[in-house]
Amino acid sequence: MKRITALQEMRAYRRLFGGESVGFVPTMGALHEGHASLIRRARLENQHVVVSIYVNPTQFNNADDLAKYPRPIEKDLELADEAGADVVWTPEYDELYPDAYRYKVTESEVSKTLEGEFRPGHFDGMLSVVLKLLNGAQPTRAYFGEKDWQQLSLVRGMVEALLVPTEIVPVATLREADGLAMSSRNVRLSDAERKIAPLLHQVLTQVDDPARGTQILTEKGFRVEYIREWDGRRLAAAWLGNVRLIDNVEI
């Protein structure tokens, strides 16, 4: 496996692949088995696999959350290698944002709801960096987990609207044995919080009424931001201690 940092090197490496298929998995690092499932899927469906690791500051509306985001780069490189990546691209801010983020991608409807209500500016930053990464890696296919359902929907819409020649491939959420959706933030849960965290998924799958679901979670110590039905899914975001958890299930 090869590690690349410079944008020009990434572009030069992509040219070496010519017309061969490239699968791309964009991540913010702190990789876990959920990410590995994306990489393995890309490995099955493409001749080459590129993984990016970049903690994107423009999609954090909370500076404390950005500061606490885990960055275990050596472990990440090892997992990416074992899962089948050919290249790990670890770009720098100055190359991804030569304009210091004066230019951005903004979606005017879906991005204002759900996550957008509670994380202002988040989707502008996410869409902007995804477009930059797609332009840099120029993949045939890009793989996104269904855990971030709204993100997946917005990326699909952006690629279609801006005529980006990359197929967006959704991959089912990978879960722990107790149902908790795998997430890089789970490592920040205390032992006590980790024991009750699976209740979020249980409520989404077993409770049809969002108000009742909110009540159940609140009584167990969650601070619920939303439980709503949208796009054929039941979605939720809730804080458990200092950790914000999101999840969704198909209705």
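Quick note: structure is the one above.
Residues numbered from 1 in each chain as written. Predicted model: local features only at pLDDT ≥ 70, side-chain atom pairs only at ≥ 80, totals over all residues. Heavy atoms only, no water.

Peer 1: What is the right way to read the sheet that holds strand β8 (residues 233-240) from this model?
Peer 2: Backbone-to-backbone hydrogen bonds join strands into a sheet, with any given pair of strands oriented parallel or antiparallel. As summarised here, the arrangement of the three strands in space is β7-β8-β9, forming an open sheet in which the pairing is antiparallel. Bordering the open sheet on either side are β7 (223-230) and β9 (243-250), each of which pairs with just one other strand. Neighbour to neighbour, the strand axes of the sheet diverge by 10 degrees on average, direction disregarded. In the sheet, β7 pairs with β8 via seven bridges, with the strands oriented antiparallel. Pairing of Tyr226 across the sheet is with Ala237, part of β8. Relative to the sheet, helix α10 (residues 199-206) contacts β7, β8 and β9, its axis offset from that of β9 by approximately 30 degrees. (Pairing = 2+ DSSP bridges. Helix = DSSP H or I, 4+ residues; strand = E, 2+ residues; numbered from the N terminus. Axes fitted to C-alpha atoms, helices over the stretch in contact; angles between N-to-C directions. Contact = heavy atoms within 4.5 Å.)

Peer 1: What is the right way to look at the pattern of salt bridges in this model?
Peer 2: Where charged atoms from two side chains of opposite charge come close, those side chains can pair. Within this structure, the stated rule accounts for 19 salt bridges. Residues Arg185 and Asp65 are paired through a salt bridge, measuring 3.1 Å at the closest nitrogen-oxygen approach. Here the residue Arg185 occupies a position in the loop between β6 (167-171) and α9 (191-196), and Asp65 occupies one in helix α3 (residues 63-68), the gap between them amounting to 120 residues. Each of the two residues, Arg185 as well as Asp65, counts as buried. Ionic pairing is found between Glu167 and Arg141, a salt bridge with its closest N-O pair at 3.4 Å. Taken together, the positions of Glu167 in strand β6 and Arg141 in strand β5 (residues 141-145) put the pair 26 residues apart, joining distant regions of the chain. Glu167 gets classed as partly exposed once you look at its relative accessible area, which sits at 45%. Judged by its relative accessible area of 21%, Arg141 is partly exposed. (Salt bridge = Lys/Arg side-chain N within 4 Å of Asp/Glu carboxyl O. Buried < 20%, exposed > 50% of the residue type's maximum accessible area, 1.4 Å probe, protein only.)

Peer 1: Looking at this structure, I do not really get the packing of aromatic side chains. What am I missing?
Peer 2: Centre distance and the angle of the planes are the two values used to describe a pair of aromatic rings. What the rule picks out here adds up to five aromatic pairs. Where Tyr97 meets Tyr101, the ring centres are 5.6 Å apart and the plane angle is 90 degrees; that geometry is what we call edge-to-face. In terms of burial, Tyr97 and Tyr101 fall into one category: buried. An aromatic cluster of three or more residues is present, and its members are Tyr93, Tyr97 and Tyr101. Over the face of the ring belonging to Trp149 we find Arg233, whose NZ or CZ atom lies 4.1 Å from the ring centre. (Phe/Tyr/Trp six-rings, centres within 6.5 Å; stacked < 30°, edge-to-face > 60°. Lys NZ or Arg CZ within 6 Å of the ring centre and 35° of its normal.)

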